[in-house]
Amino acid sequence: MHRLARFNALALGLSLALSAHAADKATTIPAKAVTAAEQLRDRAVNDQTAYEVVESLTTEVGPRVAGSANDQRARDWAVAKFKSLGFDKVYTETVTYPLWERRSEHGAIVAPFPQPLAVTALGYSAGTPSGGLTAEVVAFNDLDGLKNADPSTIKGKIVYVSTHMTQQKDGHDYGMGSATRTRGPVIAAEKGAAAFLLRSAGTDAHSRTPHTGVTGFRDAKQAIPAAALSLPDADQLERIVAMGKPVTLKLDLDVGFNGTYTGANVIGEITGAKHPEQVVAIGGHLDSWDLGTGAIDDGAGVAIAMGAAKLIKDMPQRPDRTIRVIAFANEEMGLWGGRAYAEQHAKDVGKHQLGTESDFGAGKIWRMTASVKPEARGAIDQIAKVIAPLGVAYDATKPGGGGSDLSQMHGKGMAALSLTQDGTDYFDYHHNANDTLDKINRGDLAQNVAVYAVFSYMAAMANGDFGSAPGAFSNDGAHD
Ligand SMILES: [Zn+2]
């Protein structure tokens, strides 16, 4: 008995000493800040600011493809919106990229059964000669079929590649769909194709709405005409091709590269009271494709971040660290705004406490993952407890990637979360004419705002950091 008690006392002493040592290094969030975060969460789920923001953007600016007249109007809108919401600091940082323009687009089956097709050009597509391009179709079931094809079967023809996505909560089929859209045109061009056509990377089987999106072309010399068919039009073409007779199509695309353009990331900050130079980075991308009004992609992301920061600004005191909201330029044609931000801020990566961007629509967040140093896992657990009542599960086994544009800053070493939204219907509307405000549910959007407000505030109030440093997390598998 005596010996056992003595052993227990020793063991207890040892474990106290160990936990005291770990506590020295561990990042924690003070109890007072946890309570304030719970109150913030409960206010956020009833707050309409984010919905008003995305309603304003999609109504008063509408579509805002990078480099268009509406791109400038969107930046003016963002500066004015940050100011009217009471942000402490509002500024822009320039981003330069190739300008690509869509002016008009038509497609049709010429033979054997002449009829129009619902078609849209892909980003960085070349234009067809004026009067259009008419050629025979060579069809493939998937990208591998094109990769394995003999160039002599392709030369001078319109390559068509099918791709089939199904609805999923995490939207993982888009990996295949976007690979077909970005790499397919490049492979077709290398093999001498006259043009490239794709079954849209989308899930709206019942809608004649082709989905645009960027290709892998990076300059006019490399590009050939490239376009997407709506899913019913792709079905139609595939039925006709299956009859085994030659099929001839006409594409008339007045699109193409037109020099370079300088736009900007628009940034608003709620200045930290104790460590203003240290920032929690959140945001969305301000540009959109031109077919819809960019509500779910990505007006929602901009609105979620603005709405969350506004709620933090309305608290009685400023948080310890700065909340930085970034409305990124030209995400759609290749993360131009995110890459420019990462280059401009690489030397400050250690001052980025934690970050993530919202760019997967406006569905409810259901999962949180994190790339942080081991000593900050306890603080992530604390955040997870506050957002659990919102239906968000923390998966500690997966890394956090930081979202689309901020993945670039994560690549430089910024500690990052991934806050995964329910994307079940996202690819019904993504990059097509149906990406409009009516697809956003107010309650779901407010749930997103609550999650962003809670994590941003708690990270800003933490005692300690989350491990951001140059080159940190380069092997976490969240980016490649
Ligand atoms: Zn997007």
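As a reminder, the structure under discussion sits directly above these lines.
What counts, and at which threshold
- Residues numbered from 1 in each chain as written.
- Predicted model: local features only at pLDDT ≥ 70, side-chain atom pairs only at ≥ 80, totals over all residues.
- Heavy atoms only, no water.
- Helix = DSSP H or I, 4+ residues; strand = E, 2+ residues; numbered from the N terminus.
- Buried < 20%, exposed > 50% of the residue type's maximum accessible area, 1.4 Å probe, protein only.
- Contact = heavy atoms within 4.5 Å.
- Areas by Shrake-Rupley, 256 points an atom, 1.4 Å probe, with all protein chains shown as cover.
- Core = buried A, V, L, I, M, F, W, Y, C linked by side-chain atoms within 4.5 Å.
- Phe/Tyr/Trp six-rings, centres within 6.5 Å; stacked < 30°, edge-to-face > 60°.

Undergrad: Explain the overall build of the protein chain to me, using residue names and the numbers behind them.
TA: When you go through the protein chain residue by residue, the secondary structure sums to 13 helices and 14 strands. Seen through its principal axes, the protein chain has C-alpha atoms that stretch 95 × 55 × 40 Å. Counting every position in the protein chain, which comprises 480 residues, the buried fraction comes to 57%. Put simply, of all contacts in the protein chain between residues at least 6 apart along the chain, 84% involve residues at least 24 apart. With an accessible surface of roughly 19,000 Å², the protein chain has 53% of that area assigned to carbon and sulfur atoms.

Undergrad: Tell me what's going on with the nonpolar core, and back it up with residues and numbers.
TA: If you look at the biggest cluster of nonpolar residues, it comprises 84 residues, and the most contacted ones within it are Trp77, Met368, Ile440, Leu445, Phe455, Tyr457 and Phe466. Counting residues per element, this core draws most heavily on helix α13 (residues 442-461), at 13 residues. Judged by nonpolar contacts, the second largest core, of 57 residues, contains Ala66, Ala149, Ala228 and Leu237.

Undergrad: Can you lay out the packing of aromatic side chains for me, pointing to particular residues and giving the numbers?
TA: As enumerated under the stated definition, the model contains 11 aromatic pairs in all. For the pair Tyr97 and Tyr261, a centre-to-centre distance of 5.7 Å together with 40° between the ring planes defines the contact as tilted. Residue Tyr97 is found in strand β1 (residues 89-111), and its partner Tyr261 is found in strand β8 (residues 248-270); the two are separated by 164 residues along the sequence. Exposure class is identical for Tyr97 and Tyr261. Each is buried. Ring geometry for Tyr426 against Phe427: centres 5.0 Å apart, planes inclined by 75°, an arrangement best described as edge-to-face.

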